[in-house]
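Overview (structure and organization)
Listed below, chain by chain, are the residues.
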Number of protein chains: 2
Amino acid sequence: MSRNFLDIDVSFALKKGNPAGRGLSDSELRKSLGKIKKGMEKLTRLVDDGEVGFTSLPYYENELKKVTRIASSLRRRYRRLVVLGIGGSALGTKAVIEGLRGVRKMEEVTVFDNVDPEEFVPALEEFPPGETLFTVISKSGGTAETLAQYFLVLDLLKRRFKEGWKERVVVITDPKKGFLREVAEKEGLLSFSVPPSVGGRFSVFTPVGLFPLSFAGVRVRKLLEGARVVDGAFRTLPPEDNPVLLLAAVYRHFFSEAAKNAFVFFIYSSFLKRVGEWFCQLWGESLGKRDGSGRPVGQIPVVVTGVTDQHSQLQLYADGPDDKIYTFLRVVDRKRDRVIRGAGSDGRTSFLEGKRLGELFDSEFDATRYSLAGRGRPVVTITGGRRDEDFIGGLLYLMQCVTAIVGLSCDLNPFDQPGVEEGKILTKAMLGDASHSSRMKDLEKFRKGEGRKKVRLEL
Amino acid sequence: MSRNFLDIDVSFALKKGNPAGRGLSDSELRKSLGKIKKGMEKLTRLVDDGEVGFTSLPYYENELKKVTRIASSLRRRYRRLVVLGIGGSALGTKAVIEGLRGVRKMEEVTVFDNVDPEEFVPALEEFPPGETLFTVISKSGGTAETLAQYFLVLDLLKRRFKEGWKERVVVITDPKKGFLREVAEKEGLLSFSVPPSVGGRFSVFTPVGLFPLSFAGVRVRKLLEGARVVDGAFRTLPPEDNPVLLLAAVYRHFFSEAAKNAFVFFIYSSFLKRVGEWFCQLWGESLGKRDGSGRPVGQIPVVVTGVTDQHSQLQLYADGPDDKIYTFLRVVDRKRDRVIRGAGSDGRTSFLEGKRLGELFDSEFDATRYSLAGRGRPVVTITGGRRDEDFIGGLLYLMQCVTAIVGLSCDLNPFDQPGVEEGKILTKAMLGDASHSSRMKDLEKFRKGEGRKKVRLEL
């Protein structure tokens, strides 16, 4: 099998490569690279100080061995794994499993990352409890949605298995603190730790991702190998040849200097769409906030699928405001394809005759990029050799590093999410949590505003 | 069963209802309603001139009878239906079928709206040809992706059934013109027509949606009834009580006067997410274009799921730029729910004890809306009584009318999509279509730009 690769082509985002001559000039690129290097230095300091841990994860050998050993022994006892988790506890696992569909034969792993009762309650009843292992994932150990799911599962398992529930639940949380950690200790549950210095959206290479992925049968070692290749290049290559610094410099320019409102991730592979959804959290939550001077910044991440969404969003992209930066993703090798026959006898369809379906797909990939770049839109292209673990691992790690240093170079803290606290507090207040009763007055005010202008249609 | 309903609450987008006192003043709302009424008048003229047909579809009785009769007879012969179609030929069907999951027992209908060979080729092999009916949907009859799928299916059916393929393919296309119409006539295939005055994204109530939905077992008559209720209100109610005009006036204000960059559709129902995806095409393609004076306008549609994406995008929404308008969607009644037990003994989790999962879900719905509205963000809330056909039909039709009159009132043509043509032409040129060979020079130029700045990582 040929060597796999990961290409990053920023030509269409540069003046010298963009067909309309728009994008970063050489001096703008140099300037942006300079700022990005400062971001990288900040990251190095945070890593050295032990405050940021995600860059060590590709080298996480001992933990990896423990996780894979336990996961493969559990796979012999249980036919399926149900993950209870939300946000960073869910998106990485979903991205990798979906990303390997058709490539790797996998055990069934289902991720529940919502608490919509109409979805969760019937789904829960579908799992034969005897064959199902549950893993509860929450970095803090106190995520309301995940705990609600956990209590419902617990109730079900206790009725059926009495004390035997304890061997059917695996906890992944903080090594020392929090509700779930205490439960794991008290009840003697199997558990793994999330390093405190690794935030949810940077945690796919901790047991948060590695345990469910190992259970599924993903070659997690190869996933980390891909990340290590990117990390090696990141640490050693000179700026202009450094994939992380180069990509970050281009993204930074369009995030800050020539700020675009949206980051469009145009994914030409049905199975890689969830990588885009994973990225939306990473980019949105890491960079959408107030900067050091209190100014609100951020870029709207949008994930679209090629070719499908050409028939949905391309009109807006082509003729609407020039306020977006585009990243196109695809993989070159494909395991399956088929030649189109029977189209030759009509002039309107004969261009399809004898072509593989993949040729149509690839031509549309190019045509869409060209069409946007030709209008002067900044377009970045990421190409993988083939969909496998090292490509996906490398891609996820690349995007984590890029996001972190773009944020740090823009005077943002890419590792916090202060803006979501209020919603959590209001939720608890509404549910009667006494410790937040002071917010009841605000709730009254909100409720009074509501209904001031409302129209009802009786159906 | 209680009467179903559709509520539209714009309070949090109005100065008088928004907790931070931001949004449209009374006079701004009146002004916007005035402009929207002009948009409505334009729409009426286009309808009267026969140029725009979608507003007649809810009253489409004869066609409806034919479609349902044929669909139910075919359902007795075939166990599953495969839809070949993309964009407007796919999104409505997907939205309605997914929207009724858990509510209606349905036959299997699979929609293929991509030509990724790694997805399409293996999927095609999974359908037992003897039990499968195929429907090819293309308004123009010449959509490249759909034709490519069609030829691959045809090849498969001809090998297996010889002349019998003809009873296994249903064509839905223009009544008179185009490749697919000619094939249907020549081969004597069963076919339905898409009225020429109805564009793809407005076509869910034509056979494009009605045929596959009828086959699935959706009560399509009720779907149209919901649309009729909205249409009746639209035509008769005074502006301030008119759900279509009121919603359009608020959206128009934040599209044009106080223009926001993005339209965030925050959907608190796992099964209604595809309604959001359907809407993304409608809003993006109808309003993302050049206006009468040549200025590029448009708003980025973003669909997010509650509560899940609170853990992904809420940070950006809360603390990032105030450049978005939010529409929250939910349904009040739920068929399934469950009480949380076992959470009472710990102070950190006791707020969950004895609550239904749905109470947590609803509290987060409110908390998230309040949190955004409290920061002065414009928030609109759409509430349905329950997920069923009249609610979904009403909602889709509401959004179609709103989109059309917002566009017309902003001097846009909401019914065209000129910006996607170039991509189609470049695709054909690349595949060797002689009629577009003049574009080969452009392609050379594009290709020369590419690779000017590229980095490769060997994995």
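This text follows the structure it describes.
Residue numbering note: each chain is counted from 1, following its sequence as written. Each chain is given a letter, starting from A, and each ligand a number, starting from 1, according to the order in which they appear as written. Selection of residues for local features in this predicted model requires a pLDDT of at least 70, selection of side-chain atom pairs for listing and counting requires 80 or more, and totals for whole chains, interfaces and linings are taken over all residues. Computation of side-chain values covers all heavy atoms of the structure but excludes hydrogens and water.

Take the overall build of chain A next. A run of DSSP states H or I qualifies as a helix once it reaches four residues; a run of E qualifies as a strand once it reaches two. Both are numbered from the N-terminal end. Counting its regular elements, chain A contains 15 helices and 13 strands. It is over C-alpha atoms that the radius of gyration is taken, and the globule rule equals 2.2 Å times the number of residues to the power 0.38. Relative to the 2.2 N^0.38 estimate, which gives 23 Å for 459 residues, the radius of gyration of chain A is 24 Å and therefore close to what a compact globule would have. In terms of its C-alpha atoms, chain A occupies a principal-axis envelope of roughly 65 × 60 × 55 Å. In chain A, buried positions account for 65% of the 459 residues. Two residues form a contact once any of their heavy atoms are found within 4.5 Å. Within chain A, counting contacts between residues at least 6 apart in sequence, those at least 24 apart form 76% of the total. Element-wise, carbon and sulfur atoms account for 47% of the exposed surface of chain A, whose accessible area totals about 15,800 Å². For the exposure calls, accessible area comes from a 1.4 Å probe over protein chains only, and a residue counts as buried if that area is under 20% of its type's maximum, exposed if over 50%, partly exposed in between. Only the protein chains shown count as cover for residues, and all accessible areas are computed by the Shrake-Rupley method using a 1.4 Å probe.

Space inside and on the surface of the protein is sampled on a 1 Å grid over the protein atoms alone, with a cavity defined as a set of points where a 1.4 Å probe fits but cannot get out and a pocket as an open set with protein on both sides within 12 Å along at least 5 of 7 lines; lining residues have an atom within 4 Å of a point. Grid points are joined across faces, edges and corners, and a volume is the space filled by probe spheres set on the points. Within the structure shown, the criterion is met by four cavities of 30 Å³ or more. Approximately 60 Å³ is the volume found for the largest cavity. Taken together, Tyr268, Ser269, Val331, Asp333, Arg334, Phe361 and Arg387 of chain A together with Asp116 and Glu118 of chain B make up the lining of the largest cavity. When residues are sorted by character, Ala, Val, Leu, Ile, Met, Phe, Trp, Tyr, Cys and Pro go into the nonpolar class, Asp, Glu, Lys and Arg into the charged class, and all the rest, Gly among them, into the polar class. A breakdown of the residues in the lining of the largest cavity according to their chemical character gives three nonpolar, one polar and five charged. For the lining of the second largest cavity, the class distribution of residues is three nonpolar, one polar and four charged.

A few words now on the environment of Leu33 of chain B. All names here are of chain B. Position of Leu33 relative to the elements: it lies in helix H1 (residues 26-48). C-alpha separation for the pair Leu33 and Leu245, spaced 212 residues apart in sequence, amounts to 6.7 Å. Ignoring anything within four residues of it in the chain, the contact list for Leu33 reads Pro239, Glu240, Leu245, Leu246 and Ala249.

On to the sheet that holds strand E10 (residues 300-305) of chain B. One requirement defines pairing of two strands: DSSP has to find at least two bridges between them. Pairing is mixed across the open sheet formed by six strands, whose spatial order is E13(A)-E1(B)-E12(B)-E11(B)-E7(B)-E10(B). Each edge of the open sheet carries a strand with a single partner, namely strand E13 (454-458) of chain A together with E10 of chain B. Within the sheet, the average angular offset between the axes of one strand and its neighbour, ignoring direction, is 15°. Bridge count for strand E7 (residues 262-268) of chain B against E10 of chain B is six bridges, and the pairing is parallel. Across the sheet, residue Phe265 of chain B finds its bridge partner in E10 of chain B, namely Val303 of chain B. Where helix H10 (residues 273-287) of chain B meets the sheet, it contacts E7 and E10 of chain B, and its direction lies at approximately 175° from that of E10 of chain B. Lying on the sheet, helix H12 (residues 357-374) of chain B is in contact with E7, strand E11 (324-331) and strand E12 (379-384) of chain B; it crosses E11 of chain B at an angle near 160°. Simply put, an axis is a line fit to the C-alpha atoms, just over the touching stretch for a helix, and the angle between two N-to-C directions goes from 0 to 180 degrees.

With that settled, consider H12 of chain B. Over its 18 residues, H12 of chain B extends 25 Å from the first C-alpha to the last, a length consistent with the 26 Å expected when each residue adds 1.5 Å. Within H12 of chain B, 15 of the 18 residues are buried, which leaves the element mostly enclosed by the surrounding structure. In a helix, the anticipated span is given by 1.5 Å times the number of residues less one.

Turning to the pairing of E7 of chain B, a few remarks are in order. Within E7 of chain B, seven of the seven residues are buried, leaving the element largely enclosed by the surrounding structure. What you see with E7 of chain B is no split at all: Ala262, Val264, Phe266 and Tyr268 of chain B on one side and Phe263, Phe265 and Ile267 of chain B on the other are buried throughout.

Note on the copies: chain B fits chain A at an RMSD of 0.0 Å, the axial shift is 0.0 Å, and the rotation between them is 180°. Here the transformation between the copies is reduced to the relation of a two-fold axis. Our superposition of the copies is a least-squares fit, built on the C-alpha atoms of residues whose pLDDT is at least 70 in both.

Hydrogen bonds between backbone atoms are what pair the strands of a sheet, whose relative direction is either parallel or antiparallel. Residues and elements named next belong to chain B. Across the sheet, which stays open at both edges, the five strands sit in the order E3-E2-E4-E5-E6 with parallel pairing between neighbours. A single partner strand is all that each edge strand has here, and the edge strands are strand E3 (108-112) and strand E6 (190-193). Averaged over all pairs of adjacent strands, the angle between their axes in this sheet comes to 20°, without regard to strand direction. Bridge count for strand E2 (residues 80-84) against E3 is five bridges, and the pairing is parallel. Bridge assignment links Arg80 to a residue of E3, and that residue is Glu108. Where helix H2 (residues 61-77) meets the sheet, its contacts fall on strand E4 (132-137), strand E5 (169-173) and E6, and the angle it forms with E6 comes to roughly 150°.

A word on the nonpolar core. The definition of a nonpolar core used throughout is a set of buried Ala, Val, Leu, Ile, Met, Phe, Trp, Tyr and Cys residues joined through side-chain atoms within 4.5 Å. Within the largest apolar cluster, 130 residues are counted, with the highest numbers of intra-cluster contacts made by Tyr150 and Tyr317 of chain A together with Tyr150 and Tyr317 of chain B. If we skip the residues at most four places from it in the chain, Tyr150 of chain B touches Leu84, Val136, Trp165, Val169, Phe179 and Val183 of chain B.

It is common to report an interface's size as the accessible area lost on association of the parts. Opposite the 143 residues of chain B that make contact, chain A presents 143 residues. Summed over both sides, the interface between chain B and chain A buries roughly 13,300 Å², with carbon and sulfur atoms accounting for 61% of that surface. What makes a salt bridge here is a side-chain nitrogen of Lys or Arg within 4 Å of a carboxyl oxygen of Asp or Glu, nothing more. Joining chain B to chain A, the criterion identifies 18 salt bridges. Note that Lys453 of chain A and Glu240 of chain B form a salt bridge whose closest N and O atoms lie 3.2 Å from each other. Counting residues per element, the side of chain B that touches chain A draws most heavily on H12 of chain B, at 13 residues. A per-class count over the side of chain B that touches chain A returns 59 nonpolar, 37 polar and 47 charged. One ladder, built from five bridges, connects E13 of chain A with strand E1 (residues 5-9) of chain B; its direction is antiparallel. Across the sheet, Lys454 of chain A pairs through a bridge with Asp9 of chain B, a residue of E1 of chain B. Buried surface area refers to the total accessible area, computed with a probe of radius 1.4 Å, that the two partners give up upon joining, counted for both partners together.

Quick look at the packing of aromatic side chains now. Pairing of aromatic rings covers Phe, Tyr and Trp, the last counted by its six-membered ring, and requires centre-to-centre distances within 6.5 Å; plane angles under 30 degrees mean stacked, over 60 mean edge-to-face, and any other angle means tilted. For the structure shown, the criterion picks out 56 aromatic pairs over all chains. Taking 6.3 Å as the distance between ring centres and 45° as the angle between the ring planes, the aromatic pair formed by Phe54 of chain A and Phe415 of chain A counts as tilted. Residue Phe54 of chain A is found in the loop between helix H1 (26-48) and helix H2 (61-77), and its partner Phe415 of chain A is found in the loop between helix H13 (389-409) and helix H14 (421-430); the two are separated by 361 residues along the sequence. Using a relative accessible area of 1% as the deciding quantity, one classes Phe54 of chain A as buried. Residue Phe415 of chain A is classed as partly exposed on the basis of its relative accessible area of 24%. Grouped by ring-pair contacts, the aromatic residues Phe266, Tyr268, Tyr317, Tyr326, Phe328, Phe361 and Phe365 of chain A constitute a single cluster. As a reminder, the over-ring test applies to NZ of lysine and CZ of arginine, requiring each to be within 6 Å of the ring centre and within 35 degrees of the ring normal. Its end group placed over the ring of Phe5 of chain B, Arg456 of chain A keeps NZ or CZ at 3.7 Å from the ring centre.

These figures capture arrangement, not role.
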